[in-house]
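# Residue-level structural notes
Here's the letter readout for the chains.
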Amino acid sequence: MPYGWTNLPRSNGRISNARSMVTGGCRATGHISRGYRRDKIEIQPRPVQSILLVRESKRSDAPYLAKQVYAVPSDHAIGDGLFAYEGVGWESERIAYRLYLDERNVVDIFGKKRSAPVLHRIGQGQDDYHKPAAWGMDILKVGQSMGIGGLGVMRAGKATQLGPAKISAETIDDGGRCAAVAITSDAIAGTNARLVTHYSITAGSNVTQVNASLTGGELPLVAGIVKHAGVHILAYQPDQPGWSYIATWGRQSLAEDGLGLALFYRSDSVKSGVIDDDQSLFVVFSDPKQIEYRFAAVWEQGQNGVTNAAQFQRYLRHQAAVMNRQTGASGRVQNRRLW
């Protein structure tokens, strides 16, 4: 098992040892009160946080309540308004991400112009996060792709979204330095497979770290990023096994400005390098029982000061160098442009 992981005994539908799975140590000291009122968690917003907001009833005017643990009902349908922003979110001062809690199981991006937390107050029927606001906006068109760092299944040579499953989610956070979410997907696409996935982010970072493990099935798991037309593709692989990346830069945000997307993966953990299926750029993991990868988004209007492909490449090389220090890996950066 990967470093920092434990087995996952379940009790009353709860992921009981979830926090120990998060590499990097999101230890729950709590950005939220543990006092429950009508199953509501009182949110005390922090710049680094994970948030799961669920509508109290099916009424369109029903309020959203913050939950720490939640099992998605079997009758949940895409667009039914059950969740604020359609799933669970996590954020740092620099960026915010959301995971769709349905058969898509991919990640979308909220670009942030300011460091203040936003996930506790958006997507609850009071605003339209697809439109520009003082804090930022939803900046990625996902469609049927892998979004940003989505975890899916190779089917007929293509990266496809996970498919229907019994889903449960938990928010995890250490009080402001690190935040994470734990997702369990059971009976994936009618199989006996169970996928447990953790997404974590630390203060001051755009990078989400992902750890996942598949049991009870033989699904070929993939992770990737959406491929949009007219972007620069930036790729790096060290001369010896270590952290590699596939990334894109271009006017691919929903604000029609610069957005960089990156997937970091260990070159010795994937089968045959990066695959391009014209919808996503993705890798296939050699061992679905032990998956580790990372992803990052950098927006032109964000706080990183990155406004072009060259600056984004420098950002990526720095991130890869930090990841590879423990292995001593080195390599050459490649990049090309698609027109």
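Residues numbered from 1 in each chain as written. Predicted model: local features only at pLDDT ≥ 70, side-chain atom pairs only at ≥ 80, totals over all residues. Heavy atoms only, no water.

## Structural notes on the sheet that holds strand β6 (residues 64–66)
Selection rule: Two strands qualify as a pair provided DSSP detects at least 2 bridges between them. Strands are runs of DSSP state E lasting at least two residues, helices are runs of H or I lasting at least four, and both sets are numbered from the N terminus onward. Note on definitions: angles span 0 to 180 degrees between N-to-C directions of axes, and those axes are lines fitted to C-alpha atoms, for helices only across the stretch in contact.
Ordered by their spatial adjacency, six strands build an open sheet running β6-β5-β8-β9-β10-β11, and the pairing between neighbours is antiparallel. Each edge of the sheet is formed by a strand with only one pairing partner; in this case those strands are β6 and β11 (136–138). Each adjacent strand pair in this sheet contributes to an overall mean axis angle of 25°, direction not counted. Taken together, the five bridges between strand β9 (residues 95–100) and strand β10 (residues 107–112) define a ladder with antiparallel strand orientation. In the sheet register, A96 faces β10, and the bridge partner there is F110.

## Things to note about the pattern of salt bridges
Using the following cut-off: Any Lys or Arg side-chain nitrogen found within 4 Å of a carboxyl oxygen on Asp or Glu counts as a salt bridge. Think of it in three bands: with a 1.4 Å probe and only protein chains considered, a residue is buried below 20% of the maximum accessible area for its type, exposed above 50%, and partly exposed in between.
Using the criterion set out here, one finds 13 salt bridges in the structure. A salt bridge links E86 to R98; its shortest N-O distance comes to 3.5 Å. Of this pair, E86 sits in strand β8 (residues 83–91) while R98 sits in strand β9, placing them twelve residues apart in sequence. What makes R98 buried here is its relative accessible area of 1%.

## Overview of the environment of K271
The cut-off we apply is this: In this description, contact between two residues means that some pair of their heavy atoms is separated by no more than 4.5 Å.
Summarising the element assignment, K271 is placed in the loop between β21 (259–266) and β22 (275–276). Taking C-alpha positions, K271 is 5.3 Å from S286, a pair spaced 15 residues apart along the chain. Every residue in contact with K271, bar those within four places of it in the chain, is listed here: V284, F285 and S286.

## Looking at the sheet that holds strand β13 (residues 158–160)
On the basis of which strands lie adjacent, the open sheet formed by five strands has the order β13-β12-β18-β23-β22 and antiparallel pairing. Each edge of the open sheet carries a strand with a single partner, namely β13 and β22. Pairing of strand β12 (residues 148–155) with β13 involves three bridges; the strand directions are antiparallel. Paired with R155 across the bridge in β13 is K158.

## Section: the pairing of strand β19 (residues 232–238)
Of all seven residues in β19, five are buried, a share of seventy percent or more. Bridging between β19 and strand β20 (residues 243–250) involves five bridges; their strand directions are antiparallel. When the bridges of β20 are listed, Y236 appears paired with Y245. Counted between consecutive antiparallel strands, the loop separating β19 from β20 contains four residues.

## As for the packing of aromatic side chains
Aromatic ring pairs are reported here in terms of the distance separating the ring centres and the angle at which the planes meet. Filter applied, for reference: Here the aromatic set is Phe, Tyr and Trp, taking the six-membered ring for Trp, and pairing holds for ring centres within 6.5 Å; pairs whose planes are under 30 degrees apart are stacked, those over 60 apart are edge-to-face, and all others are tilted. Counted as over-ring charges are cases with an Arg CZ or a Lys NZ within 6 Å of the ring centre that also lie within 35 degrees of the ring normal.
Counted by the stated rule, this structure contains twelve aromatic pairs. When the centroid spacing of 5.9 Å and the interplanar angle of 75° are considered together, the rings of F110 and W135 count as edge-to-face. Highlighted residues: F110 in strand β10 and W135 in the loop between β10 and β11, separated in sequence by 25 residues. Each member of the pair F110 and W135 is classed as buried. Members of the aromatic cluster, each reached through a chain of ring pairs, are Y85, F110, Y129 and W135. Looking at R104, its charged tip hangs above the ring of Y100, at a distance of 3.8 Å from the centre. It is R294 that lies over the ring of W243; its NZ or CZ is 4.6 Å from the centre.

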